Amino acid sequence: MPAYRSTVLLCAGGGCISCGCLPVREAMEAELKRRNLADEVRVVQTGCVGSCDLGPVLIVYPDEVFYQKVSPGDVPKLVDEHFLKGRVFERLLVKSAETDNLIATQREFAFFNKQVKIVLENCGVIDPENIEEYVARGGYLALGQVISERTPEWVIEELKKSGLRGRGGAGFPAGTKWDFVRKAPGERKYVVCNADEGDPGAFMDRSVLEGDPHRVLEAMAIAGFAASADQGYIYVRAEYPLAIRRTRRAIQQAREAGFLGRNLFESSFSFDIDIRVGAGAFVCGEETALLASIEGKRGIPRPRPPFPAVSGLWGKPTLINNVETYACIVPIITRGGDWYASIGTEKSKGTKVFALAGKIRNTGLVEVPMGTTLREIVYDIGGGVPNGRKFKAAQTGGPSGGCIPAEHLDIPMDYESLAKVGSIVGSGGLIIMDEDSCMVDVAKFFMEFCTDESCGKCPPCRVGTRQIYGLLDKITKGEARIEDLHLLEELCGMVKESSLCGLGQTAPNPVLSTLRYFRDEYLEHIVDRRCPAKVCPSLIRYSIDEAACTGCSLCARNCPENTIFKVEDQKKYRIDPARCVKCGVCFDVCRFGAVVKS
Amino acid sequence: MSEISLTINGKQVKGERGDTILKVCERSDIYVPTLCHYGGVHEVGTCRMCVVEVQGGRALTTACTTPAEDGMIVKTESDAIQSLRRATLELLFSERNHYCMFCEASGDCELQALAYRHGMDSVRYPNLYPKMELDTSHPYLALDQNRCVLCRRCVRVCAELVGAHSLGMRERGIETLLAADGGEPLSASSCVSCGACVQVCPTGALFDRRSAYRGREKDCTTVKSSCPECALGCAVELVARSGQVLRVEGDVESPENGGLLCRRGRYESLNGHRERVLQPLVRKGGELASASWDEALAALRAGIEAAAAAGGAGAVAAVASARASNEALAALRGYFQQKLDSPNVGAIGAAASPDGYPAATLQDIRQADLIILAGEDAGANHQVVEFAVSQAVEQHGAALIVVGSAARRLQKQACVVVPAGSDEVARALATLTAAGSESLKRIACAERAVFVVGAPVTAVPQALAAAAQSARDGWPRVLALAPKGNSRGAAQAGLNGGASVAKGVKAAFIMAGDDTEMLDRFLPQRDEIGFLAVQASYRSPLVEMADVVLPAPVWTEKAGTMVNAQGREVSLRPAVAPPAGVRDEADVLAALSQ
Ligand SMILES: Cc1cc2nc3c(=O)[nH]c(=O)nc-3n(C[C@H](O)[C@H](O)[C@H](O)COP(=O)(O)O)c2cc1C
Ligand code: SF4
Ligand code: SF4
Ligand code: SF4
Ligand code: SF4
Ligand code: SF4
């Protein structure tokens, strides 16, 4: 390999690809060639860096200078400044949220420097399509060691010591699960990786497969060794074509390199992996539904027991873990369970990747030690709530989770603490809401999701979620009575207790937790027929403040219903409330703040 | 099997390892409400009615899917459990159209009964009432999605017991819908019209078209009888009201067919639109005319005695179909063999069982690990056998070898198929199981080998013997199928099956003349036979050519016994009285003998 002076890491995660990083790469390569720098500066396309709202993103090593929102047109100037003149190109740097100062390097950027990367350590650093880069960073060493020098018992012992818990939602101790599968009677066993990632806000699994697929393959092979399985399946949703492509390529490369296939490391242990592409129903992420889907049946959950560890794929003992769970395995094997257990809290070990989204300045993937407070994530890493609005609540765990109000901002983000306030870590979705969010509307949004995603097998979920949705809808329309609130609570409890699988059992959580912290807001909708956040269309009114109205007529021209008319003999406009459909266009278009929402 | 003991509702009860909690409750007569549970098919735990509390468990669990464990402490009733069950019912009632007063099933509906039992007297949620289709395309059964609770009993029964796999679910969530072959009208689907789904549906969603709205079960009488349509003699229950048979149901208590029937037994025998013979007929001046029983019997006696007088006893023949009951056949022999001394008394389709093998029951077939089906189209002729074979193969992993060209559906499930025409089947079987062959080894290794064979194989005993010799002691069990409902009984009565009408016969009496084989046999010979008397239930070309016609009851109107293919005696019992002018076949002949 020639020695390069610099390496340009170009993020090619899903987010950056969609905002145009590939043309930037072409421009960069062309420009480097034109300036005769092609031998000195190397361009590497990596997996997701995490700061998705800033893409396309470039990081230039060895200085770790972090450039954001780079367009192909910026490239000649950037090459000129950075590589020829040796200066940082300031126009493309990030600005600090607090101080407005420019941030030159990744290290200085709070979004990164508060994170601890284990799962994502290679994402954004290596070229995921090149197995050599993975191997160069110690890849497949753990597998080789385990096969040649260790026993399955040793692996499971380390895993138990690490305290790693499943990252797919339920948080079941991984070591215990591996042990179950190892001890389950049966000749044939399987290892399955759950990459269905149905939680609409989460994308860490996708990022790992896109950015560092070999880490998952290696972990699955180690799992195969520990559980004495010789076949693995990765179940990915079809909406993740890039993850599928890169994982396929990685499997191919690993087979060619002898890391997958027969007699690995000249031992008697054989292990191979295939990909199964799922149609992308949320419920297919539930383990029994997922297994049915791999078997070619309808992806519908079944009651447990039997658990997959005893009777899974084709009735055989099956180990099923989430992508992020597998992504922790190699570091645990190489650095030891005790090392991993030193990170995090007493009962929640290691790190967790959260997908930060919503009303927050920096969105994207953040990996932090378990127990990091919500405040640190929101303010230090996330840069706080933009536009001078106030933090209202954070929704964790997506549609199965709950909300955490401002009063609990200092809560440590770990399994136990979140459970205590009625939420869950779940898959790691973290949506920040500000004062403009109506909590009833938020609950209704999640309930609609669950209603659509219910597989329809059991009545509590199939009919119950629909009736819950109906009650919430009534509340947001100002048509509910106080008895409806009681019925809602009763029904939520029933659906939680009676449903067959986790989808139904957790579907009421967003309602129950918003009721717990924002009951007054529900009551305002019901008793006062008012939506305090001014979100629910039926409960708000638009009117024009005549003092502020300049008579520009913009609102009247944009109103789809033609309900805005000119007041006779005056240069003022007025809205006919009877015909207003509350679309809010006038509010959005008025440049003088004359349209008032109340 | 080892015994386990549990504490349920504070009481010590016993169960067996492998039982579910529900099974233990059933054994000890502890009521647990269920809706989706159906004995014999796998549990799905969807309806959530059987939720119970297990001490130390994380949450409530369904009794039907949770294995019972020794020492378990279970509570099946509590206020909380009760209210969850009521809430589930309330949701089901709010989902689709359950206005019972317009429903076929009202009074016999399990959902309705559960609602009463749990005191669910109002529904506090708006009725969702999606517009759902009614599938009335099928001649015998109908599907009203508006009453379906998506319990999937029908789906499981159709797949696991019948092996047809015609039903399934489509769409998701609240849009979930029962569908035949993914959305075909039932009539255009792969449904084999066995009616099992209708029988197990707990609500008014799948219903029998003929008996719809004609009475609740408590208004009807139910009589256990046996289907005479083929040599299996499946156990049935005849449901009747006001002198009419409304429907035929499979007898779920039968260890043999266990409630399953085929299209022929459940539907076709009731739904014929043929004209009944309601009075004796006598040919007068070339035309058949109504007559009194006395007149008809006198004409019969006269015709027969004239032939005997002219040509001796050999000029008289009596032929029955082997679907006639033992009692009717005995009466036939009583008059013609014993009284008139005719040498020409026979039963078409009489067939003895092959000697030397224990008869295979349907139970044996379902539990077999190797099935050899040779020379028999079970799908067409004895469909309930086909269901049992499918069940063994698909649900329990039995190996199936098919010899012969028939049995199309089963060919798909077979591991070996040797096509052969019916005259080559015996030879093909012999070749397949020749000394040293793979198949012979297979038979030797099998723990429970069962042969299901048709006439072409029973006709060549050596072929069967060669194939069977390697099997372990007491095996193979053989189900030799026979052409008619009472083939075995007829053979045991000494009647031979070949009885074509001998040369010189001048008068013939035909019993059970509705059998089409009778027709085929007598049509060409009609002119040689001077006098023809027919006992039949329906008008037919054979009846039209007779000189005397004696109306006979149909099977749902008569008593008697038959011997089925396995050599087991099965009974016919009347569910309704025959029409006024119709007399029992045996009684009529007994009267003649006097
Ligand atoms: C409705 C539903 C959806 C789920 N979706 C996912 C998913 O997308 N990815 C995942 O890893 N686990 C998902 N799970 C959890 C899995 O059932 C299972 O617990 C998990 O894959 C086990 O892996 P872990 O122990 O590594 O977490 C889901 C569960 C439910 C009930
Ligand atoms: S809880 Fe919902 S998703 Fe799960 S089995 Fe029941 S209907 Fe299907
Ligand atoms: S199916 Fe049952 S509950 Fe529904 S309307 Fe008919 S009788 Fe009533
Ligand atoms: S009638 Fe028989 S074959 Fe047809 S759908 Fe019902 S169970 Fe299946
Ligand atoms: S048709 Fe009847 S048996 Fe079938 S799912 Fe519906 S209610 Fe159940
Ligand atoms: S299989 Fe034979 S006995 Fe059974 S129902 Fe069908 S015709 Fe009747």
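1. Some thoughts on the sheet that holds strand S10 (residues 206-208) of chain B
Residues and elements named next belong to chain B.
Thinking step 1. Spatially, S6-S7-S10 is the arrangement adopted by the 3 strands of the open sheet, whose pairing is antiparallel. This sheet does not close on itself; its edge strands, each paired only once, are strand S6 (134-135) and S10.
Thinking step 2. Alignment of S6 against strand S7 (residues 141-144), held across 2 bridges, turns out to be antiparallel. For Leu 134, the partnering residue across the bridge sits in S7 and is Asp 144.

2. A word on the site of ligand 1
Residues and elements named next belong to chain A.
Thinking step 1. Gly 168, Lys 177, Asn 321, Asn 322 and Thr 325 are the nearest of the 18 residues found near ligand 1.
Thinking step 2. A distance of 3.3 Å separates an oxygen atom of ligand 1 from a polar backbone atom of Arg 167.
Thinking step 3. In this structure, an oxygen atom belonging to ligand 1 sits 2.7 Å away from a side-chain N or O atom of Asn 322.
Thinking step 4. Expressed as a share of its isolated accessible area of 610 Å², the protein-covered part of ligand 1 is 89%.
Thinking step 5. Contributing elements (two or more residues each) for the shell around ligand 1: strand S10 (318-322) and helix H22 (502-506).
Thinking step 6. Looking at which element gives the most residues to the shell around ligand 1, the answer is S10, with 3 residues.
Thinking step 7. Residue classes in the shell around ligand 1 are distributed as 3 nonpolar, 9 polar and 6 charged.

3. Describing the interface of chain A and chain B
Thinking step 1. Across the boundary between the two partners, chain A contributes 26 residues, which contact 29 residues of chain B.
Thinking step 2. Summed over both sides, the interface between chain A and chain B buries roughly 2,500 Å², with carbon and sulfur atoms accounting for 57% of that surface.
Thinking step 3. On the surface where chain A and chain B come into contact, there are 3 salt bridges.
Thinking step 4. Here Glu95(B) makes a salt bridge to Arg462(A), at a shortest N to O gap of 2.7 Å.

4. A closer look at the environment of Leu141(A)
Thinking step 1. If you trace the backbone, Leu141(A) turns up in helix H6 (residues 141-149).
Thinking step 2. Sequence separation between Leu141(A) and Glu218(A) is 77 residues; the distance between their C-alpha atoms is 9.2 Å.

5. Focus: the packing of helix H4 (residues 153-162) of chain B against helix H11 (residues 383-396) of chain B
Residue and element names in this part refer to chain B.
Thinking step 1. Relative to each other, H4 and H11 sit at 95 degrees, their axes nearing to 7 Å. Our classification of the angle between H4 and H11 gives roughly perpendicular. Across the interface between the two elements, Ala 159, Glu 160, Leu 161 and Val 162 from H4 touch Phe 387, Ser 390, Gln 391, Glu 394 and Gln 395 from H11.
Thinking step 2. Counted by class, the contact of H4 with H11 contains 4 nonpolar, 3 polar and 2 charged residues.

6. Observations regarding the site of ligand 4
Thinking step 1. Inspection of the region around ligand 4 gives Leu141(B), Cys158(B), Ala164(B), Leu167(B), Cys191(B), Val192(B), Ser193(B), Cys194(B), Gly195(B) and Cys197(B) as its neighbouring residues.
Thinking step 2. Class assignment of the residues belonging to the shell around ligand 4 gives a composition of 8 nonpolar, 2 polar and no charged.

7. Remarks on the pairing of strand S26 (residues 560-563) of chain B
Thinking step 1. Side-chain alternation along S26(B) places Gly560(B) and Met562(B) on one buried face and Thr561(B) and Val563(B) on a second face that is also buried.
Thinking step 2. Linking S26(B) back to strand S27 (residues 569-572) of chain B in an antiparallel pair, the connection comprises 5 residues, with Gly567(B) at a positive phi of about 85 degrees.

8. Examining the nonpolar core
All names here are of chain B.
Thinking step 1. Judged by nonpolar contacts, the single largest core of 99 residues is most densely connected at Leu 167, Ile 365, Val 385, Leu 400, Val 403, Val 452 and Leu 479.
Thinking step 2. Ranked by residue count, the leading element in this core is H11, at 7 residues.
Thinking step 3. Built from parts of two domains, this core gets at least three residues from each of domain 2 (103-270) and domain 4 (362-481).
Thinking step 4. Ignoring anything within four residues of it in the chain, the contact list for Val 452 reads Ile 365, Ile 371, Ile 372, Leu 373, Ala 374, Val 385, Leu 479 and Leu 481.

9. Some remarks on the domain arrangement of chain B
Thinking step 1. Domain boundaries in chain B define domain 1 (3-77), domain 2 (103-270), domain 3 (281-350 + 493-555 + 579-593) and domain 4 (362-481).
Thinking step 2. Inter-centroid distance (C-alpha atoms) of domain 3 of chain B to domain 4 of chain B is 38 Å.

10. Examining the pattern of salt bridges
Residue and element names in this part refer to chain A.
Thinking step 1. Overall, the coordinates contain 76 salt bridges over all chains when judged by the stated rule.
Thinking step 2. For Lys 297, the salt bridge is made with Glu 295, and the minimal N-O distance between the two is 2.7 Å.
Thinking step 3. One salt bridge in this structure joins Arg 519 and Glu 489, with 2.8 Å as the shortest N-O distance. Here Glu 489 lies in helix H21 (residues 482-498) and Arg 519 lies in helix H23 (residues 509-528), a separation of 30 residues in the sequence.
Thinking step 4. According to the relative accessible area criterion, Glu 489 is partly exposed, its value standing at 28%.

11. So, the domain arrangement of chain A
Thinking step 1. For chain A, the assigned domains are domain 1 (6-109), domain 2 (131-340), domain 3 (351-434), domain 4 (439-528) and domain 5 (541-597).
Thinking step 2. On a C-alpha basis, the centres of domain 1 of chain A and domain 4 of chain A stand 46 Å from each other.

12. Things to note about the packing of H21(A) against helix H2 (residues 79-95) of chain B
When two helices pack together, you describe them by how their axes are tilted relative to each other and by the distance separating the axes.
Thinking step 1. Viewed as axis vectors pointing N to C, H21(A) and H2(B) meet at an angle of 100 degrees, and their least axial separation amounts to 10 Å. In terms of axis orientation, H21(A) runs roughly perpendicular to H2(B). Of H2(B), the residues touching H21(A) (which contributes Leu491(A), Met494(A), Glu497(A) and Ser498(A)) are Leu84(B), Ala87(B), Thr88(B) and Leu91(B).

13. Observations regarding the sheet that holds strand S11 (residues 221-226) of chain B
All names here are of chain B.
Thinking step 1. Overall, antiparallel pairing links the 3 strands, which are arranged S11-S12-S13 in an open sheet. At either margin of the open sheet sits one strand with a lone partner, and together these are S11 and strand S13 (244-250). Averaged over all adjacent pairs, the angle separating strand axes in this sheet is 30 degrees, with direction ignored.
Thinking step 2. Pairing geometry for S11 and strand S12 (residues 235-241), over 6 bridges, is antiparallel. From the neighbouring strand, Ser 225 faces S12, where its bridge partner is Val 236.

14. Describing the pairing of strand S1 (residues 6-11) of chain A
Residue and element names in this part refer to chain A.
Thinking step 1. Within S1, 6 of the 6 residues are buried, leaving the element largely enclosed by the surrounding structure.
Thinking step 2. Covered by surrounding structure in S1 are Ser 6, Val 8 and Leu 10 together with Thr 7, Leu 9 and Cys 11, the residues of both alternating faces.
Thinking step 3. Bridge count for S1 against strand S2 (residues 41-46) is 6 bridges, and the pairing is parallel. Note that in S2 the partner of Cys 11 across the bridge is Thr 46.
Thinking step 4. Across 4 bridges, S1 lies against strand S3 (residues 58-61) in antiparallel orientation. Residue pairing for S3: Thr 7 is matched across the bridge by Tyr 61.

15. Here we look at the layout of surface pockets
All names here are of chain B.
Thinking step 1. In this structure, the second largest pocket encloses a volume near 1,800 Å³.
Thinking step 2. For the second largest pocket, the lining is made up of 47 residues, of which His 42, Glu 43, Val 44, Arg 156 and Glu 160 are closest to its centre.
Thinking step 3. It is H4 that contributes the most residues to the lining of the second largest pocket, 5 residues altogether.
Thinking step 4. Residue composition of the lining of the second largest pocket, by class: 18 nonpolar, 17 polar and 12 charged.

16. Examining unusual backbone geometry
Thinking step 1. Omega for the bond connecting Tyr61(A) with Pro62(A) falls within 30 degrees of zero, at 5 degrees, which places this linkage in the cis form.
Thinking step 2. Among the structural elements, Pro62(A) can be located in the loop between S3 and strand S4 (65-67).
Thinking step 3. With omega at 0 degrees, the peptide bond leading from Trp475(B) into Pro476(B) counts as cis.
Thinking step 4. Take Pro476(B): it is sitting in the loop between helix H16 (461-468) and strand S22 (477-480).
Thinking step 5. Residues other than glycine seldom take positive phi values, yet Asn9(B) does so here, at roughly 50 degrees.
Thinking step 6. Structurally, Asn9(B) is set in the loop between strand S1 (3-8) and strand S2 (11-16).
Thinking step 7. A residue is classified by how much of its surface remains accessible, and Asn9(B), at 38% relative accessible area, is partly exposed.

17. Considering a nonpolar patch on the surface
Residues and elements named next belong to chain B.
Thinking step 1. Judged by side-chain polarity, Tyr 99, Met 101, Phe 102 and Tyr 129 come together as a nonpolar surface patch covering roughly 490 Å² of accessible area.
Thinking step 2. Here Phe 102 is to be found in the loop between H2 and helix H3 (110-117).
Thinking step 3. The exposure class of Phe 102 is exposed, given its relative accessible area of 57%.

18. With respect to the environment of Ala136(A)
Residue and element names in this part refer to chain A.
Thinking step 1. Assignment of secondary structure puts Ala 136 in helix H5 (residues 131-136).
Thinking step 2. Here Ala 136 falls in the exposed class, since its relative accessible area comes to 66%.
Thinking step 3. Spatially, the C-alpha atoms of Ala 136 and Arg 25 are 23 Å apart, while their sequence positions differ by 111 residues.

19. Here we look at the side chain of Glu197(A)
Residue and element names in this part refer to chain A.
Thinking step 1. Mapped onto the secondary structure, Glu 197 falls in the loop between strand S7 (190-195) and helix H9 (204-211).
Thinking step 2. Here Glu 197 is buried and forms no salt bridge, its nearest opposite-charge partner Arg 206 lying at an N-O distance of 5.9 Å.
Thinking step 3. Only 2.7 Å separates the side chain of Glu 197 from the backbone nitrogen of Asp 205, close enough to count as a polar contact.
Thinking step 4. If we skip the residues at most four places from it in the chain, Glu 197 touches Ala 202, Phe 203, Met 204, Asp 205, Arg 206, Arg 237 and Tyr 240.

About the criteria used
Residues numbered from 1 in each chain as written. Chains lettered and ligands numbered in written order. Predicted model: local features only at pLDDT ≥ 70, side-chain atom pairs only at ≥ 80, totals over all residues. Heavy atoms only, no water. Pairing = 2+ DSSP bridges. Helix = DSSP H or I, 4+ residues; strand = E, 2+ residues; numbered from the N terminus. Near = heavy atom within 4 Å. Polar contact = N/O pair within 3.5 Å; in protein donor to acceptor, adjacent residues only side chain to side chain. Areas by Shrake-Rupley, 256 points an atom, 1.4 Å probe, with all protein chains shown as cover. Nonpolar A, V, L, I, M, F, W, Y, C, P; charged D, E, K, R; others polar. Contact = heavy atoms within 4.5 Å. Buried area = accessible area lost by both parts, 1.4 Å probe. Salt bridge = Lys/Arg side-chain N within 4 Å of Asp/Glu carboxyl O. Axes fitted to C-alpha atoms, helices over the stretch in contact; angles between N-to-C directions. Parallel < 35°, antiparallel > 145°, perpendicular 65-115°, else oblique. Buried < 20%, exposed > 50% of the residue type's maximum accessible area, 1.4 Å probe, protein only. Core = buried A, V, L, I, M, F, W, Y, C linked by side-chain atoms within 4.5 Å. Domains from an automatic or database assignment. 1 Å grid on protein atoms, 1.4 Å probe; cavity = no way out; pocket = protein on both sides within 12 Å on 5 of 7 lines; lining within 4 Å. Points joined across faces, edges and corners; volume = space filled by probe spheres on them. Patch = residues over 30% accessible without salt bridge, like charges linked within 9 Å, V, L, I, M, F, W, Y side chains within 5 Å. Lys, Arg positive; Asp, Glu negative; His and termini not counted.

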